[in-house]
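Now for the letters of each chain:
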Amino acid sequence: MGMISNPLSGANRRRGLGAVRRCLQQYPEVPHYLVRGVEDVQTALEDFRRRNLNLIVINSGDGTVQAVLTVLLGQRLFDSLPLLALLSGGTTNMTHQDLGVSGPPGEAVSRVIAWAYHGDGPARIRRQTVLKVQTGSSGRPLYGLFFGSACIFNGIRFFHSRVQRTGLRGDVAHLLIMARFLWALARRDDALVAALRAGIRAGRLTVEPSNYLLLLVTTLDRLILGLRPFRQQGEGPLKLAAVNVRPRHLLRTLLFMLQGRHHSYARPENGYITCNTSAIQLDMEGGFAVDGELFRADPRTGPVRIEDGGQAEFLRL
């Protein structure tokens, strides 16, 4: 077992790492790396490979999880991918909510150690498909579990510029952003609902370039606030949802979509696209997020390609 903590992640920055360190004092053989960027993650994982570790505990937010997945799946450092245990060390912790170990980090790492050393606890192993996101301008692909653009990209920027400094975190912050989004939607002249122009190709589905209010791709079952905006529709592990900038019956349809329920209005002719697939191509210009980290797409260098990037295993306790 090895452990990675990002001391700059939201919850870790507020609460500190004291509880985690006190727990690890009893297990000096467990290497614990503090990481602040991709280079630190690379160093930690290379050391874990030399030690032949097969369980990695990640105490961070979604962005550090994305960095770990990018190194593990993009470089194939390990002959067999190690099991991952996610702790709630970040601000949003969306990936953790669906795939992680419950409880605050100090308590959670104690239970992970009890399971790893003594087999204690009702553990489950969850195999999860990971997204591979490639743009023409990026040298290496990104690996993560959630891709979002349009109002999602705008919402993350709004959080960093306006909400984060208030000290609000977790579901309270998410509810505030949701309320602010609905207000912007009513006004229609707000940067939070600025449209993204994109053409979509997903399996047999081809949609000519149009303006979108929301565009997201994920393999997760549950998003922030416990939302489940997908139902099985077609084959493939990638779940796509897109809402046109002028959809019909938006509030009624959105309420059903966010609960993973189908509504008869949720059809392409009304401005809604949902499907399952194994590969997606987006001809787009603008910003997007992968697990909360922000990037930009330039159509002059080619489309954004999102595909099945392989699977990772996550420990649930």
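In what follows, the structure referred to is the one given above.
Residues numbered from 1 in each chain as written. Predicted model: local features only at pLDDT ≥ 70, side-chain atom pairs only at ≥ 80, totals over all residues. Heavy atoms only, no water.

(A) Broad picture of the overall build of the protein. Broken down by element type, the protein carries nine helices and 15 strands. Sorting the 317 residues of the protein into buried and exposed places 54% on the buried side. Residue pairs at least 24 apart in sequence account for 72% of intrachain contacts in the protein once pairs closer than 6 positions are excluded. Accessible area of the protein: about 14600 Å², with a carbon and sulfur share of 49%. (Helix = DSSP H or I, 4+ residues; strand = E, 2+ residues; numbered from the N terminus. Buried < 20%, exposed > 50% of the residue type's maximum accessible area, 1.4 Å probe, protein only. Contact = heavy atoms within 4.5 Å. Areas by Shrake-Rupley, 256 points an atom, 1.4 Å probe, with all protein chains shown as cover.)

(B) Broad picture of helix H6 (residues 105–118). Along its 14 residues, H6 runs 19 Å from first to last C-alpha, staying within 8% of the 20 Å computed at 1.5 Å per residue. Restricting attention to buried positions, one finds in H6 the residues Pro105, Gly106, Ala108, Val109, Val112, Ile113 and Ala114. (Expected span 1.5 Å × (residues − 1).)

(C) Here's a closer look at the side chain of asparagine 59. Within the element layout of this structure, asparagine 59 appears in strand E3 (residues 55–60). Beyond its immediate chain neighbours, meaning those up to four positions away, asparagine 59 contacts Met3, Ile4, Ser5, Asn6, Asn12, Leu17, Val20, Leu87, Gly89 and Pro105.

(D) Examining the environment of alanine 85 more closely. Inspection of the secondary structure puts alanine 85 in strand E4 (residues 83–88). In this view, alanine 85 contacts Leu55, Ile56, Val57, Ile58, Val101, Val112 and Leu315; residues no more than four positions away in its chain are not counted.

(E) Local environment of unusual backbone geometry. A positive phi is found at asparagine 52, a non-glycine position, where the angle reads about 60°. Take asparagine 52: it is sitting in the loop between helix H3 (38–50) and E3. We classify asparagine 52 as exposed; its relative accessible area is 68%. Even without a glycine there, the phi angle at alanine 150 is positive, about 60°. The topology assignment puts alanine 150 in strand E7 (residues 146–150). Here alanine 150 falls in the buried class, since its relative accessible area comes to 5%.

(F) Broad picture of the environment of asparagine 54. For asparagine 54, the position within the fold is in the loop between H3 and E3. Ignoring any residue separated from it by four or fewer positions in sequence, one finds asparagine 54 in contact with Pro82 and Leu83.

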